[in-house]
Amino acid sequence: MRLRRRKDSAQDDQAKQVLKGMSDVAQEKNKKQEESTDTRAPRGKVRRWDQGLEKPRLDYSEFFTEDVGQLPGLTIWQIENFVPVLVEEALHGKFYEADCYIVLKTFLDDSGSLNWEIYYWIGGEATLDKKACSAIHAVNLRNYLGAECRTVREEMGDESEEFLQVFDNDIAYIEGGTASGFYTVEDTHYVTRMYRVYGKKNIKLEPVPLKGASLDPRFVFLLDQGLDIYVWRGAQATLSSTTKARLFAEKINKNERKGKAEITLLMQGQEPPEFWEALGGEPSEIKKHVPDDFWPPQPKLYKVGLGLGYLELPQINYKLSVEHKTRPKVELMPRMRLLQSLLDTRCVYILDCWSDVFIWLGRKSPRLVRAAALKLGQELCGMLHRPRHATVSRSLEGTEAQVFKAKFKNWDDVLTVDYTRNAEAVLQGSGLTGKVKRDTEKKDQMKADLTALFLPRQPPMALAEAEQLMEEWNEDLDGMEGFVLEGKKFTRLPEEEFGHFYTQDCYVFLCRYWVPVEYEEEEKKEKEEEKAGAEGKEGEEAAAEAEEKQPEEDFQCIVYFWQGREASNMGWLTFTFSLQKKFESLFPGKLEVVRMTQQQENPKFLSHFKRKFIIHRGKRKVAQGTLQPSLYQIRTNGSALCTRCIQINTDSSLLNSEFCFILKVPFESEDNQGIVYAWVGRASDPDEAKLAEDILNTMFDTSYSKQVINEGEEPENFFWVGIGAQKPYDDDAEYMKHTRLFRCSNEKGYFAVTEKCSDFCQDDLADDDIMLLDNGQEVYMWVGTQTSQVEIKLSLKACQVYIQHMRAKEHEHPRRLRLVRKGNEQHAFTRCFHAWSTFRKALT
């Protein structure tokens with residue numbers, strides 16, 4: 001028992017030590033908590049429960065500026081269209097009965113730090129949306145400032161003493177207020193107007209009296225009846241004006257009538273009774289009455305402002321300050337146009353167009369200035385002489401009418417484009433219905449297809465593959481006959497001249513091809529005839545009969561019409577009315593006609609000349625007798641099939657160390673007609689060097705002396721004398737590994753970029769489109785003379801997208817953007833095209 005008592009006492013001592021240690025830890029923890037509480041909450045204040053919550057960081061910069069509440073003073077906002085709009089200091093203390101306001105008083109407290117008082121005032125006739133938004137934005141303002149104060153609600157006629165002291169007990173109520181932010185559905189009332197359309201590049205609309213006598217056969221008129229829009233074309237009006245007027249009517253329908261209006265195109269003499277009813281009756285005769293030198297008065301732009309107790313109406317001299325950097329000539333002034341950048345969202349403007357007065361209201365403009373401008377616009381028509389059909393119209397920023405936009409330069413040129421869509425997505429139906437479909441159509445009103453910019457460059461075809469394809473096409477060729485236009489009829493072309501073409505001539509080649517026989521179909525026929533034993537015929541006899549029945553099905557004829565870039569279209573007309581009729585009667589149902597122009601030939605057609613395709617300048621018989629030196633360049637574009645030998649300017653600066661050239665220096669001697677050189681560049685392809693020698697022997701007979709010379713071994717006597725002195729020339733053609741040509745156009749109804757094949761030429765530069773040329777160092781944006789402003793803006797964006805894409809893909813070859821206008825091309829641009837020359841004129 002003594003041992004057990006000793007053991008129990010030892011266990012009790014251990015338990016006491018554990019309990020003492022636990023109590024010490026608890027006391028120390030409580031002491032630390034008290035110390036932390038004292039530091040966080042001085043003066044013994046208990047910390048609020050919401051102070052430990054982490055508040056989300058919200059962005060109120062859309063409603064309030066950065067410096068709001070940073071200086072002592074008074075700031076007031078008025079609720080308009082669900083958002084607070086700053087009120088001018090002159091209007092502080094004046095409250096509209098149908099509006100709500102937020103009032104912020106900023107002051108310094110006893111410690112010298114900023115403090116705030118926030119009130120939101122509710123008008124007696126305010127709508128529910130304004131009441132709710134004033135309360136919401138008052139809380140937003142408190143959160144934005146990080147203020148600890150409450151937001152105080154003040155109602156009209158029951159304001160607190162603290163609120164009245166903010167304004168020194170001097171507040172005033174004004175009847176009225178801004179409209180509710182909610183939409184109100186009302187039947188729209190449309191005013192019938194008629195406009196005369198004039199102008200070439202950018203059309204303009206001039207309002208005219210609403211009567212039949214206003215019509216003129218030389219112009220296009222637009223009659224706007226709201227949901228019925230008529231485009232009337234006079235007998236002598238141009239098609240271009242009609243098209244532009246129709247486009248303008250489409251914009252009115254889309255932007256102002258929600259697509260509900262019906263547009264009708266009328267020709268003079270085909271007007272329906274409704275048209276004449278709107279004009280008050282049909283006139284006895286439509287006469288020319290508009291003067292040839294007619295030009296409407298220059299629009300005048302006024303800015304409405306509030307002075308010290310009076311209205312200010314200064315005229316903006318946009319002619320000199322905005323339209324041109326330097327002072328223009330006097331005769332140019334009447335034709336200058338307004339710019340959209342003149343309109344400030346914080347101001348109100350009056351645009352006086354004599355027969356139309358527009359009042360433009362900026363979204364952030366004061367309401368008092370708006371009311372003054374509307375009143376002033378009405379008085380302006382009464383004070384000054386105006387025609388009876390003159391009207392005063394009001395335009396809010398963002399909802400301007402198309403007639404108002406037409407007064408400004410390039411207002412409608414920039415369209416929203418979705419650069420992520422391609423052609424398939426545009427043509428594919430969405431399968432949506434109802435409001436979702438309408439919203440989708442509105443969003444996708446302008447599409448773009450930039451897929452071609454992201455595709456890899458077409459790799460060049462291997463020589464062996466091209467030769468195999470050339471051999472197969474020539475195996476199928478059964479025969480070829482050539483014809484050339486001489487005078488007004490086609491004559492047969494001698495076979496020794498096959499492969500020689502002249503830029504001012506037209507050629508026709510009739511090619512007959514063997515068509516492979518479908519043996520599988522024959523075997524099926526044989527089996528079917530073998531099974532038909534009722535006729536008592538053997539399988540071999542049936543097969544023999546099948547062979548006898550189908551000899552006429554094994555050929556096809558293709559007629560290739562080739563037109564030189566300097567030849568007129570009379571050759572094509574002569575062919576269609578003579579040779580084509582004859583060929584169609586000889587080969588009914590088996591004839592195909594392919595029309596080609598110089599350097600845009602069919603690869604199958606090129607293969608028949610086995611890389612010896614030579615293009616001379618001038619006419620066939622006239623050019624053969626000239627005694628001037630001539631220079632030819634041999635070049636392959638993407639494939640050996642597309643090899644041509646084309647005459648270029650006789651200039652040594654056009655030589656290149658990676659190509660082969662042929663120079664003919666004629667003599668006046670009868671025994672020796674001249675000497676011909678095949679010039680082989682030091683970096684040229686060996687196959688092309690051999691080809692140059694073959695072409696040299698093909699082009700010229702034994703009456704010419706022929707020499708093959710390498711670069712650096714040129715004889716001074718005839719080579720440099722014949723080519724016209726030695727000049728610096730390119731020693732590489734690295735650009736041939738990178739050249740790509742893209743076409744930018746919106747002719748399909750959406751903006752699209754397409755790539756030309758690697759065998760492109762100068763005539764691929766379309767005058768009414770934008771072309772992008774990449775040579776590995778620069779991306780040239782080539783602008784034609786008939787390109788629209790819309791295409792220029794969209795093409796510039798596409799060009800930037802392509803440069804960024806190539807910078808990520810080929811960072812070792814960064815591209816630079818260069819702008820080129822037609823007729824001002826640089827050498828780095830023109831050398832990418834085989835045989836660059838002057839642009840051809842419109843063919844007749």
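Our subject is the structure that appears above.
Just so you know, these numbers come straight off a predicted model, no measurement behind them. (Residues numbered from 1 in each chain as written. Predicted model: local features only at pLDDT ≥ 70, side-chain atom pairs only at ≥ 80, totals over all residues. Heavy atoms only, no water.)

The terminal C-alpha atoms of helix H2 (residues 128–145), which comprises 18 residues, lie 26 Å apart, in line with the 26 Å expected from a rise of 1.5 Å per residue. The complete set of buried residues in H2 reads Asp129, Lys130, Cys133, Ser134, His137, Ala138, Asn140, Leu141 and Leu145. One face of H2 carries all of its buried residues, which in axial projection span an arc of 165°. Tucked inside the fold, the buried residues of H2 contact strand E1 (73–80), strand E2 (83–86), strand E4 (100–108), strand E5 (114–122) and strand E6 (151–155). One or two residues past the end of H2 sits glycine 146, with phi positive at roughly 75°. (Helix = DSSP H or I, 4+ residues; strand = E, 2+ residues; numbered from the N terminus. Expected span 1.5 Å × (residues − 1). Buried < 20%, exposed > 50% of the residue type's maximum accessible area, 1.4 Å probe, protein only. Arc of directions from axis to C-beta. Contact = heavy atoms within 4.5 Å.)

Right, let's get into the packing of helix H15 (residues 570–577) against helix H16 (residues 579–586). The axes of two packed helices give the description: the angle between them and the distance between them. Between H15 and H16, whose axes approach to 3 Å, the crossing angle comes to 35°. Of the residues in H16, those touching H15 at Thr574, Phe575, Thr576 and Phe577 are Leu579, Gln580, Lys581 and Phe583. Classifying every residue of the contact of H15 with H16 gives 4 nonpolar, 3 polar and 1 charged. (Axes fitted to C-alpha atoms, helices over the stretch in contact; angles between N-to-C directions. Nonpolar A, V, L, I, M, F, W, Y, C, P; charged D, E, K, R; others polar.)

On to the side chain of threonine 503. If you trace the backbone, threonine 503 turns up in the loop between strand E21 (500–502) and strand E22 (506–514). The class of threonine 503 is buried, set by a relative accessible area of 4%. A polar contact is formed between the side chain of threonine 503 and the backbone nitrogen of glycine 618, at a distance of 3.0 Å. (Polar contact = N/O pair within 3.5 Å; in protein donor to acceptor, adjacent residues only side chain to side chain.)

We now examine the side chain of aspartate 352. Among the secondary structure elements, aspartate 352 is positioned in strand E15 (residues 348–352). Once residues within four sequence positions are removed from consideration, aspartate 352 is found in contact with Gln298, Pro299, Lys300, Tyr302, Val357, Leu380 and Arg386.

Moving on to the environment of glutamine 268. Of note, glutamine 268 is situated in the loop between strand E12 (262–267) and helix H5 (273–278). A residue is classified by how much of its surface remains accessible, and glutamine 268, at 28% relative accessible area, is partly exposed. In this structure, the C-alpha to C-alpha distance between glutamine 268 and arginine 233, residues 35 residues apart in sequence, is 6.0 Å. In contact with glutamine 268, not counting residues within four places along its chain, are Pro217, Trp232, Arg233, Gly234, Ala235 and Ile286. For glutamine 268, the side chain forms a polar contact with the main-chain nitrogen of alanine 235, separated by 2.7 Å.

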